[in-house]
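Reading the structure
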Amino acid sequence: MQRIFLLFLLITSLFSQSQTDLSYYLPQNIEYNPSIPTPKSVIGHHVGEWHITHDKLVEYMKALANASNRITIEDRGKTFEDRPLLLLTITSPKNHQNLKAIQSAHIEATETNSANLENRPIVVYQGFSIHGNEPSGSNAALLAAYYLAAAEGSEIDNLLEHSVILLDPSLNPDGLQRFAYWANSNKNINLNPDPNDREYSEVWPGGRTNHYWFDMNRDWLPVQLPESRARIETFHNWLPNILTDHHEMGTNASFFFQPGIPSRTHPLTPQLNQDLTKGIATYHAKALDKIGSLYYSEESFDDFYYGKGSTFPDINGGIGILFEQASSRGHVQESENGLLTFPFTIKNQFTAVLSTLAAANGMRKDILEYQHNFFKDARNEASKEGKKAIIFGDEKDAAKTYHLAEILKRHRIDFHELKSDFSKDGKKYKKGYSYVVPKNQKNTRLINAMFETRTAFKDSLFYDISAWTFPLAFNLDYTETTMANAGNSVKNLQQLSGGVSSKSEYAYLFEWNEYYSPKLLNAILKKGLRAKVAVKQFKSNGKAYDYGTIMIPAKNQNLSATEIYTFLNDKAQESHIKVDAVSTGLNEGIDLGSRNFKALELPKIALLVGDGITSYDAGEIWHLFDTRYDIIATKLDTKTMKRADLSRYNTIIMVNSSGLSEGNTKKLQSWIKDGGTLVAYKNALKWLNSKKLMTIDFKKNKLIAKNINYEQRSDFRGAQVIGGAIFEAELDRSHPINFGYKNDKLPMFRNSTLFINEDKNSYNNPIQYTKKPLLSGYISEENLDSIRKTVPLKINRVGRGKVIGFTDNTNFRAFWYGTNKLLMNAIFFREEM
Ligand SMILES: [Zn+2]
């Protein structure tokens with residue numbers, strides 16, 4: 001018994017007990033206030049002994065805030081899984097008494113040409129583990145909060161007097177909880193560092209993402225997720241001078257801090273931002289040298305896409321800093337650098353928290369001055385714009401317009417109503433369906449970053465997407481105009497109020513252009529009401545109705561005419577759709593009884609998820625259906641597909657995927673032949689082609705390296721990657737896949753190099769890239785040559801069913817509103833293609 005116990009002690013003490021005591025992490029030359037609760041006294045274990053679960057993290061932070069007059073805590077909202085989004089504000093007790101005034105003075109310095117920088121505290125936002133399975137950050141947040149509450153002496157007093165620290169202990173509570181459950185439930189008493197142990201490889205989809213499997217570290221600019229909304233509100237309330245974002249990377253790496261690769265910094269970011277980042281880096285280096293930890297900077301990662309946490313501040317007068325720690329994933333893992341323990345990863349993160357604060361304090365005046373000048377320079381640039389403005393809108397889709405305006409609101413960008421309807425370049429801008437954004441305003445640089453297109457670049461490699469032009473993502477008309485067209489500034493943004501014009505005994509019509517029209521149609525079909533789609537244009541009562549108009553007859557339904565009216569009116573209001581009551585079937589063009597109105601059937605959808613399927617792409621569709629359209633789709637796991645009765649579904653969606661097992665392939669094939677519709681994306685098309693479930697003529701791109709040496713080989717290959725850019729396609733609007741689009745051009749997002757040759761019959765190419773398709777972003781010359789006139793959509797009949805295949809992601813990251821309708825059309829109008 002005793003021997004076993006001794007052995008146990010020996011193994012665990014190798015890399016556990018001695019490392020998890022507070023003395024392993026904290027500076028030892030100072031006193032700690034004994035009245036402040038230690039993490040262990042609240043959470044029940046040492047930091048690093050177990051992975052902190054989010055509920056315990058919350059418990060500890062609340063206990064700290066209770067015990068310390070340096071800390072206040074606020075709950076800023078809820079994640080999708082109802083977890084609180086906490087923020088700790090940490091500063092000296094004296095500053096706390098004066099916090100509102102400190103905040104006002106801080107913001108005022110970004111709005112006036114002279115400001116007193118002398119005695120103002122610097123504002124530092126420290127955020128942790130936005131990727132839930134990169135847990136050392138949130139575990140280090142326990143130590144950071146404890147240290148800031150409990151440390152005593154002149155050094156901490158000086159620090160707290162001169163800084164306001166916004167500590168966000170978990171940027172992704174749902175992901176952190178999911179990962180902690182995984183790592184803890186697979187932990188051995190006798191820690192096992194073998195990388196093959198189950199502890200180190202999570203099951204699909206892993207804890208990186210949030211509830212709907214989004215990478216939240218891409219959402220700082222689009223702000224589509226509740227976690228981002230809370231965070232961005234704090235950001236704009238405070239305009240932090242420094243924002244840090246603590247991550248993890250591969251197990252064999254060391255520790256990374258920014259600057260990233262200098263040539264890949266976004267050109268709208270001032271050089272001084274990068275210089276100061278480098279200055280701050282010297283503090284990290286010094287602190288990591290002191291504890292003997294290896295690190296690097298400037299060789300990887302970049303500051304290009306403003307939707308990342310470490311880059312977003314750079315266009316808002318702050319300095320964003322990325323930290324990447326080699327990950328132990330579980331509790332200890334073998335690595336090229338020896339045994340990598342979880343406590344060691346936490347210690348490095350904690351060290352970087354303190355070195356950031358030391359830098360903020362040491363460089364305080366320079367950094368405050370930088371922010372002051374950033375906004376002063378921006379004001380100068382803005383005033384040169386004079387009365388210039390950007391107008392954006394869609395005369396037939398108020399909802400999409402509203403949702404872009406909502407993003408501007410979240411970023412404190414001022415915009416105005418349109419004074420009166422206005423036309424330019426053949427596009428109509430309608431009041432209530434368009435907004436005017438003055439360029440002469442505080443956040444003019446952010447406006448540029450959101451609206452500009454860019455096709456020339458210093459570098460040909462990107463860590464993430466190279467383009468995100470918002471009006472293109474939303475497929476909105478936009479152009480430059482002047483403030484002469486502007487009405488009142490919009491203070492209270494409202495969505496279009498929907499409803500039915502009046503009760504009808506004959507029929508109802510609504511057009512398909514509005515973003516939420518699929519939500520309304522789905523509700524109608526789900527209620528068991530009959531509805532039809534017009535496959536031709538017509539005029540009723542003098543009003544023109546476009547392709548895709550939905551007609552609901554008032555008679556021969558399972559509800560009375562009054563019940564239909566009440567139901568439709570409710571649902572139209574919920575969906576922000578205007579529905580017209582009509583009293584005659586006689587039209588100009590097709591009449592309401594025409595065969596060119598096709599009966600619609602409720603989609604019964606299975607969305608393939610699980611091993612072999614890209615979780616991001618599947619999550620985007622799950623989120624789209626569940627949160628925007630109220631469409632219920634079954635998340636069908638590839639592992640249970642074998643025993644599932646597929647005849648329950650008329651539509652299956654397969655996003656980017658490496659393919660299915662032989663058994664599942666056969667099952668899918670016979671389901672399609674029996675009349676099912678498979679909607680497939682990206683690499684799933686390659687797989688379908690190889691299994692002869694589709695016939696696709698892929699364009700081959702032969703690439704031979706000439707005059708490229710060995711060292712340059714990965715840059716050469718990297719330059720052929722389309723990390724994410726925007727391309728123009730031409731639409732055949734009479735094809736059901738394009739119903740609801742008013743323009744014959746559509747900007748499409750693409751991050752793949754799959755090119756499909758056009759069909760010899762032009763009617764089989766309803767979506768086709770134009771001759772000069774690049775709208776914004778990076779693409780190599782070779783690929784640009786390849787993409788011209790290819791098609792991103794292919795439809796194949798298979799037996800009685802069909803496969804509808806897209807090479808491009810139409811639902812990218814919840815903010816590509818402009819192409820969501822392509823998927824909706826594939827689902828609702830599948831029988832007409
Ligand atoms: Zn990460």
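Residues numbered from 1 in each chain as written. Predicted model: local features only at pLDDT ≥ 70, side-chain atom pairs only at ≥ 80, totals over all residues. Heavy atoms only, no water.

A few words on the confidence of the model for the protein. Here the protein shows a mean pLDDT of 95. Residues at 70 or above account for 98%. Confidence drops under pLDDT 50 across residues 1-16; counting only partners more than four residues distant or on other chains, this segment forms eleven contacts. (pLDDT = per-residue confidence, 0-100. Contact = heavy atoms within 4.5 Å.)

This part is about the sheet that holds strand E3 (residues 122-128). Taken together, the seven strands give an open sheet; going across it, the order is E1-E2-E4-E3-E5-E7-E6, and neighbouring strands pair in mixed fashion. The strands lining the two open edges of the sheet, one partner per strand, are strand E1 (71-78) and strand E6 (255-257). The sheet shows a mean angle of 20° between the axes of neighbouring strands, taken without regard to direction. When E1 meets strand E2 (residues 84-90), the two strands line up antiparallel, connected through six bridges. Paired with Ile73 across the bridge in E2 is Leu88. Where helix H9 (residues 154-162) meets the sheet, it contacts E2, E3 and strand E4 (163-168), and its direction lies at approximately 85° from that of E4. (Pairing = 2+ DSSP bridges. Helix = DSSP H or I, 4+ residues; strand = E, 2+ residues; numbered from the N terminus. Axes fitted to C-alpha atoms, helices over the stretch in contact; angles between N-to-C directions.)

This part takes up the packing of aromatic side chains. Within the structure shown, the criterion is met by 48 aromatic pairs. Look at Phe235 and Phe312: their rings are 5.0 Å apart centre to centre, the planes differ by 65°, and that puts the pair in the edge-to-face class. Of the two residues, Phe235 sits in helix H11 (residues 226-238) while Phe312 sits in the loop between helix H12 (271-291) and strand E7 (319-326), which places them 77 residues apart along the sequence. Comparing Phe235 with Phe312, the two get one shared label, buried. Plain terms: the ring middles of Tyr305 and Trp468 are 5.0 Å apart, the flat faces sit at 55° to each other, and that makes the pair tilted. With Tyr305 in the loop between H12 and E7 and Trp468 in the loop between helix H16 (444-451) and helix H17 (470-473), this pair connects stretches of sequence that are 163 residues apart. (Phe/Tyr/Trp six-rings, centres within 6.5 Å; stacked < 30°, edge-to-face > 60°. Buried < 20%, exposed > 50% of the residue type's maximum accessible area, 1.4 Å probe, protein only.)

Bringing the coordination of the zinc ion into the picture now. At 2.0 to 2.6 Å from the zinc ion lie its protein donor atoms, namely His131 (ND1), Glu134 (OE), Glu134 (OE) and His247 (ND1). Each of the four donor atoms around the zinc ion contributes to a set of angles spanning 54 to 153°, which defines the coordination as irregular. Between the donor residues of the zinc ion, the gaps in sequence give the motif H-x2-E-x112-H. In this pair, His131 is assigned in the loop between E3 and helix H8 (136-150) and His247 in strand E5 (residues 242-249), connecting sequence segments 116 residues apart. Looking at His247, the relative accessible area reads 2%, which means it is buried. (Donors = N, O, S within 2.8 Å, 3.2 Å for Na, K, Ca; no water. Tetrahedral: all angles 85-135°; square planar, octahedral: opposite > 155°, others 65-115°.)

Relative to the helices and strands, Arg733 resides in the loop between strand E30 (725-731) and strand E31 (745-750). Beyond its immediate chain neighbours, meaning those up to four positions away, Arg733 contacts Gln537, Asp546, Tyr547, Asn738, Phe739, Tyr741, Lys742, Asn743 and Asp744. Separated by 2.8 Å, the side chains of Arg733 and Asp546 make a polar contact. A distance of 2.8 Å separates a polar side-chain atom of Arg733 from the backbone oxygen of Tyr741. (Polar contact = N/O pair within 3.5 Å; in protein donor to acceptor, adjacent residues only side chain to side chain.)

On to the pattern of salt bridges, then. Enumeration according to the criterion identifies 34 salt bridges in this entry. Note that Arg454 and Glu452 form a salt bridge whose closest N and O atoms lie 2.7 Å from each other. Glu505 serves as the salt-bridge partner of Lys555, at 3.6 Å between the closest nitrogen and oxygen. Remark: Glu505 occurs in the loop between strand E17 (499-500) and strand E18 (507-510) and Lys555 occurs in the loop between strand E22 (550-553) and helix H19 (561-575); sequence separation between them is 50 residues. Of the residues examined, Glu505 reaches a relative accessible area of 43% and is grouped as partly exposed. Residues participating in the shared-partner salt-bridge network are Glu134, Arg208, Asp215, Arg218, Asp464 and Arg813. (Salt bridge = Lys/Arg side-chain N within 4 Å of Asp/Glu carboxyl O.)

Once that is clear, we can look at the packing of helix H5 (residues 54-67) against H8. Their axes nearest at 11 Å, the elements H5 and H8 cross at an angle of 10°. Here H5 lies roughly parallel to H8, going by the angle between them. Contacts between H5 and H8 involve Leu57, Tyr60, Met61 and Leu64 on the former and, on the latter, Ser138, Ala141, Leu142, Ala145, Tyr146 and Ala149. (Parallel < 35°, antiparallel > 145°, perpendicular 65-115°, else oblique.)

Okay, the environment of Gly260 next. As for its position among the elements, Gly260 is in the loop between E6 and H12. Along the sequence, Gly260 and Asp303 sit 43 residues apart, while their C-alpha atoms lie 6.7 Å from each other.

Looking now at H8. Look at H8: 21 Å from first C-alpha to last across 15 residues, which is about the 21 Å you get at 1.5 Å a residue. Within H8, 15 of the 15 residues are buried, which leaves it mostly tucked inside the rest of the structure. (Expected span 1.5 Å × (residues − 1).)

Looking now at the environment of Arg797. Checked against the element boundaries, Arg797 lands in strand E33 (residues 793-798). Other than its neighbours up to four places away in sequence, Arg797 contacts Lys802 and Met833. A distance of 3.3 Å separates a polar atom in the side chain of Arg797 from the backbone oxygen of Met833.

As a further point, take the sheet that holds E30. Read across the sheet, three strands follow the order E31-E30-E32 without closing on themselves; strand pairing throughout is antiparallel. What marks the edges here is a single partner per strand, and that holds for E31 and strand E32 (767-776). Neighbour-to-neighbour, the strand axes of this sheet turn through a mean angle of 35°, independent of strand direction. As paired strands, E30 and E31 are joined by six bridges and run antiparallel to one another. Pairing of Glu728 across the sheet is with Pro747, part of E31.

Right, let's talk about the side chain of Glu514 for a bit. Relative to the helices and strands, Glu514 resides in the loop between E18 and helix H18 (517-526). Here Glu514 occupies a buried position and makes no salt bridge, while the nearest side chain of opposite charge, Lys821, is found at 7.2 Å. Looking at Glu514, its side chain comes within polar contact range of the main-chain nitrogen of Ala399, at 3.2 Å. Beyond its immediate stretch of four places on either side in the chain, Glu514 contacts Lys396, Asp397, Ala398, Ala399, Tyr433, Leu496, His576, Ile577 and Lys821. (Lys, Arg positive; Asp, Glu negative; His and termini not counted.)

Here the focus is a negative patch on the surface. The grouping of Glu31, Glu152, Asp157 and Glu161 at the surface amounts to a negative patch. Position of Glu31 relative to the elements: it lies in the loop between helix H3 (22-25) and helix H4 (39-43). (Patch = residues over 30% accessible without salt bridge, like charges linked within 9 Å, V, L, I, M, F, W, Y side chains within 5 Å. Areas by Shrake-Rupley, 256 points an atom, 1.4 Å probe, with all protein chains shown as cover. Charge placed at Lys NZ, Arg CZ, Asp CG, Glu CD.)

Once that is clear, we can look at the pairing of strand E29 (residues 677-681). Of all the five residues making up E29, five are buried; the element is thus mostly covered by neighbouring parts of the structure. Residues of E29 alternate between two faces, with Thr677, Val679 and Tyr681 on one and Leu678 and Ala680 on the opposite face, all of them buried. Bridging between strand E28 (residues 651-654) and E29 involves four bridges; their strand directions are parallel. Paired with Thr651 across the bridge in E29 is Thr677.

Turning our eyes to something else, we now look at the packing of helix H7 (residues 99-108) against H11. How two helices pack is summed up by the angle between their axes together with the distance between the axes. Where H7 meets H11, the closest approach of the two axes is 8 Å, and the angle between their N-to-C directions is 80°. One way to sum up the angle between H7 and H11 is to call them roughly perpendicular. Contacts between H7 and H11 involve Leu99, Gln103, His106 and Ile107 on the former and, on the latter, His236, Asn237 and Trp238. When its residues are assigned to classes, the contact of H7 with H11 shows three nonpolar, four polar and no charged. (Nonpolar A, V, L, I, M, F, W, Y, C, P; charged D, E, K, R; others polar.)

All right, on to unusual backbone geometry then. A cis amide bond links Trp204 with the next residue in sequence, Pro205, at an omega value of 5°. Structurally, Pro205 can be placed in the loop between helix H10 (173-185) and H11. At Arg412, a residue that is not glycine, the phi angle is positive and equals roughly 60°. Among the secondary structure elements, Arg412 is positioned in the loop between helix H15 (398-410) and strand E11 (416-418).

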